[in-house]
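Structural overview for review
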Amino acid sequence: MILKNGRVFTENGVFIDADVELKDGKIVKVAPRGTLSGDEELDVQGKYVTPGFVDIHIHGAKGSDFCDNGAEHIETMSSYLGSEGITSFCGTTMAFDEPILQSIFETARPYINKETGGAVLRGINMEGPFFNKDKKGAQAEKYIVTPDQGMFDRLYEVSGRSIKLVDIAPEVAGSYDFIRHASKKCVVSIAHTCANYDQAKEAFACGASHVTHIFNAMPAFGHRDPGVIGAASDDAAHVEMISDGIHLHPAVVRSVFKWFGDDRVCLISDAMRAVGMPNGVYSLGGQTVYMTDGKATLESGVIAGSATSLAECFRRAVSFNVPLESALKAATINPAKAVGLFDEVGSITEGKRADVLVLDETLHPEHIFIGGVKTK
């Protein structure tokens, strides 16, 4: 398949006029516009040719949750995400006890990197249970425990060594030793925390490199008490941001890009099962969630994940006046780099997997290729 005359988004974060050849599931050639030809061609004049979106923090979609009992729920998520242009994802857990997490990981393991025709499950984001109860958000308090290296190691093996991210509150007892240990196996992210600036700085010094849904479930940034956000500005390799317009004001979304630069921001959905579904009553981490017009909350009013896909979060970031190139980097290149997937996905680069989108002028996918197979 030759995609002709497109505006191709390169791994350098810029658009060029080019043709792209897809063959045997790979991107085999990127060449100047009008120079490639073949038996099968698709004229994408005036369209954006981009990598598939990479969502490294998503709990569920289309009525299913990654933590549900049954592989069919992973398949449902994969199908829906693929239809939205999300081609790779990390299934994200909630705070649960070890037996429940073990069952979730056992179910997921056969699906890691499995071709299902939709988005490919690339690994696990272990969000919890090593949190501060005072910043639990929508996490169930009864499952929150202090960091347990043995528990993490056992689950890491059960997952087939497929945990890509593990979250932790640095101020709780045993966190620094846990970070030193776990950071040798996966990315350690600061999350659901009351940590001050010095505690967060120490966490980064011990090996943490990531921040989960920045500004949410952590102390506010203060000019005399900068907290996790100030420490992340100094030291974090990447910070996650939910740009649905509900978790953060649009001015904050713009500010994060200005503050951290577009190489360090990862757009995520943090979506739960209500994404792609009508208003109604759902669940997340064993707790009841009410979703009305895109806003998901517990009965207490606490925001409980999002009901917005990464593709829509990307479009909303652009609508908030984030430059298109910056928003695209944050939805493709950066998350792939953050969890060690960039050698295979995340950019339009010769030799990489052919996860490719053709976006129209509204930034919706007009054509979707997953592993070189045209699914739309």
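It should be emphasised that the depicted structure is a prediction, and the values quoted were computed from it without experimental measurement. (Residues numbered from 1 in each chain as written. Predicted model: local features only at pLDDT ≥ 70, side-chain atom pairs only at ≥ 80, totals over all residues. Heavy atoms only, no water.)

A separate point is the sheet that holds strand β9 (residues 86-92). Spatial ordering of the open sheet is given by β6-β9-β10-β11-β12-β13-β14-β15, a layout of eight strands whose pairing is parallel. Lying at the two open borders of the sheet, with one neighbouring strand each, are β6 (53-58) and β15 (265-268). Bridge analysis of strand β12 (residues 187-190) against strand β13 (residues 210-211) gives two bridges, and the strand direction is parallel. Bridging across to β13, S189 finds its partner in H210. (Pairing = 2+ DSSP bridges. Helix = DSSP H or I, 4+ residues; strand = E, 2+ residues; numbered from the N terminus.)

On to the sheet that holds strand β16 (residues 280-284). Overall, antiparallel pairing links the three strands, which are arranged β16-β17-β18 in an open sheet. Of all the strands in the sheet, the pair left with one neighbour each is β16 and β18 (295-297). The sheet shows a mean angle of 35° between the axes of neighbouring strands, taken without regard to direction. (Axes fitted to C-alpha atoms, helices over the stretch in contact; angles between N-to-C directions.)

Moving on, we get to the packing of helix α5 (residues 197-206) against helix α6 (residues 227-235). At a minimum axis separation of 7 Å, α5 and α6 run at an interaxial angle of 40°. Crossing angle aside, the handedness with which α5 passes α6 is right-handed. Contact with α5, carried on its side by Y197, A200, K201 and F204, involves G227, V228, G230, A231, A232, D234 and D235 of α6 and no other residues of that element. (Left-handed = near helix turned anticlockwise from the far one by under 90°. Contact = heavy atoms within 4.5 Å.)

Our focus in this paragraph is the UniProt feature "domain: Amidohydrolase-related" (unreviewed entry) in the chain. Taken from the UniProt record, the annotation "domain: Amidohydrolase-related" (unreviewed entry) applies to residues 48-365. What you have in residues 48-365 is 30% helix and 21% strand, and the ends, taken at the C-alpha atoms, are 9 Å apart. (UniProt positions renumbered as here; feature names shortened; annotations may be inferred.)

According to UniProt, the "binding site: Zn(2+)" (unreviewed entry) feature falls on E127, H192 and H213. Sequence-wise these annotated residues cover 87 residues; spatially they are packed, their C-alpha atoms never more than 11.1 Å apart. Structurally, E127 is set in the loop between β10 (120-126) and α3 (149-158). For E127, the contacting residues outside a window of four places in its chain are H57, H59, T92, T93, M94, A95, Q139, D167, H192, T212, H213 and D270. One can find H192 in the loop between β12 and α5. Assessed through its relative accessible area of 5%, H192 is described here as buried. For H192, the contacting residues outside a window of four places in its chain are E127, F131, N132, K135, K136, G137, Q139, A169, H213 and A217. (Buried < 20%, exposed > 50% of the residue type's maximum accessible area, 1.4 Å probe, protein only.)

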